[in-house]
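Each chain is listed here by its residues.
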Amino acid sequence: MPWHRTGNQGEGNRLMPTRETIETILRKRLGPNLSVKGITPVSGGDMNDAFRVETTKSVWFLKMHAHAPYGFFDAEWDGLEALRTAASLLRIPHVQKAEERDGEWPAWLLMEWIHPGEPGPRTAEVLGQGLAELHRFTASAFGWQADNFIGILLQPNTRTDHWPSFWRDQRLLPQFRLAEKRNRLPSERYRRLERLMDRLDHWLDTSDAVPSLLHGDLWGGNWLVDTDGRPCLIDPAAYHGHREVDLAMTELFGGFPKTFHHAYREAYPVDPGYEERRPLYQLYYLLVHLNLFGEGYGESVDRILRRYAG
Ligand code: ADP
């Protein structure tokens, strides 16, 4: 069997690949002569099993998922490529290969290993300027060429040019429906969510909204520092959306220094009223967490709902 069980959190039963599984996959896909020198589990993500894999030729970062939906790692690959096209200041890892699940073999994604380094005096500033640079990469509509994933959950991306509709129909509503299916909506939470959907146009009436390239899942665990002190972005759920979404996510769980926020605002000032809209963007991520991890996120969801649809 290529798996043994772990007690990790996440979606579905978590099965850990054995060392033999990893070696077999790498040899089968990267050449039979490949010699694996070492495999070390990497912690820090919340969805996948991750490993540092050292071969005689190179060092790789390998992510695996036993229950990945179809297209899961291709979507991440696509997002990383899009970010790299737009980024001159931030480092985005190059992907080597991705494969779908095959019977009991896991889906996996192999990319360059970023040797972790220490932040330098300019790291946080460059992170802010780099995010602003991504956000200045714009499109003619909100959405993306394909649906992708937030965590392990589907993130629909049908294109539209009306931002409040996009945020309601492609972001909040699918999580609302999923929460209903998973029994995570006590009646008061349900009613408030319904009311909020009706009023969303009022709160998000940003008629001059620009479809910016977004990272899409910018929590503190999704930026790294390499040995040159250069900030790197990983694990995107990329699409074109209002740039306030990325900013709101950086402020939800912390992990971004003050200098980052200053540098971003200096490079690309935020629009008036952002603070009023911020919780409505954070609500999406909180609903995702409610759906993935349970009621621990319920109170944070309710707090926002009381404020906007009390
Ligand atoms: P998940 O999709 O499970 O959240 P991540 O892509 O966030 O997984 O990766 C998990 C952890 O592995 C990260 O927090 C980071 O510390 C590390 N990591 C991710 N990508 C790389 C990489 N290319 N090189 C080195 N370490 C990485």
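Bear in mind the structure is a predicted one, so any value in this text is a computation, not a measurement.

Glancing now at the environment of Lys63. Tracing the backbone through its elements, the reader meets Lys63 in strand E5 (residues 59-65). Judged by relative accessible area, which is 6%, Lys63 ranks as buried. Sequence separation between Lys63 and Pro41 is 22 residues; the distance between their C-alpha atoms is 9.9 Å. Setting aside residues no more than four positions away along its own chain, Lys63 makes contact with Asn48, Asp49, Ala50, Phe73, Glu76, Ala107, Trp108, Leu109, Met111 and Asp235. Separated by 2.9 Å, the side chains of Lys63 and Glu76 make a polar contact.

In terms of nonpolar packing, the biggest core is built from 79 residues, with Trp163, Trp167, Leu172, Leu196 and Leu233 touching the most fellow members. A per-element tally of this core places helix H8 (residues 274-293) first, with eleven residues. If you count residues domain by domain, this core takes at least three from each of domain 1 (3-112) and domain 2 (123-309). Once residues within four sequence positions are removed from consideration, Leu233 is found in contact with Leu80, Leu83, Leu90, Arg91, Ile92, Pro93, Leu127, Leu134, His215, Leu218, Asn222 and Trp223. Grouped together as the second largest cluster of nonpolar side chains are 13 residues, Ile22, Ile25, Trp60 and Leu110 included.

Opposite charge on two side chains permits them to pair, given that their charged atoms come into close proximity. Taken as a whole and judged by the stated rule, the model has 24 salt bridges. Between Asp201 and Arg168 there is a salt bridge, and its shortest N-O distance comes to 3.4 Å. Placement of Asp201 in helix H5 (residues 187-203) and of Arg168 in helix H4 (residues 163-181) is noted, with a sequence separation of 33 residues between them. Here Glu188 ties to Arg192 by a salt bridge, and the two come within 3.8 Å at their closest N and O atoms. One end of the pair, Glu188, and the other, Arg192, are both in helix H5, four residues apart, so they sit about a helical turn from each other. When salt bridges with common partners are traced through the structure, they connect Lys37, Arg52 and Glu54 into a single cluster.

This part is about the confidence of the model for the chain. For the chain, per-residue confidence averages 92 on the pLDDT scale, and 94% of positions sit at 70 or higher. Confidence over residues 1-14 falls short of pLDDT 50; this stretch has 42 contacts with residues more than four positions distant or in other chains.

Around the ligand lies a shell of 18 residues, among which Asn48, Lys63, Glu112, Ile114 and Asp235 are the nearest. Residue Asn48 places a side-chain N or O atom 2.8 Å away from an oxygen atom belonging to the ligand. A distance of 3.0 Å is found between an oxygen atom of the ligand and a side-chain nitrogen or oxygen belonging to Asp235. Looking at the shell around the ligand, the elements with two or more residues in it are E5 and strand E7 (107-112).

What counts and how
- Residues numbered from 1 in each chain as written.
- Predicted model: local features only at pLDDT ≥ 70, side-chain atom pairs only at ≥ 80, totals over all residues.
- Heavy atoms only, no water.
- Helix = DSSP H or I, 4+ residues; strand = E, 2+ residues; numbered from the N terminus.
- Buried < 20%, exposed > 50% of the residue type's maximum accessible area, 1.4 Å probe, protein only.
- Contact = heavy atoms within 4.5 Å.
- Polar contact = N/O pair within 3.5 Å; in protein donor to acceptor, adjacent residues only side chain to side chain.
- Core = buried A, V, L, I, M, F, W, Y, C linked by side-chain atoms within 4.5 Å.
- Domains from an automatic or database assignment.
- Salt bridge = Lys/Arg side-chain N within 4 Å of Asp/Glu carboxyl O.
- pLDDT = per-residue confidence, 0-100.
- Near = heavy atom within 4 Å.

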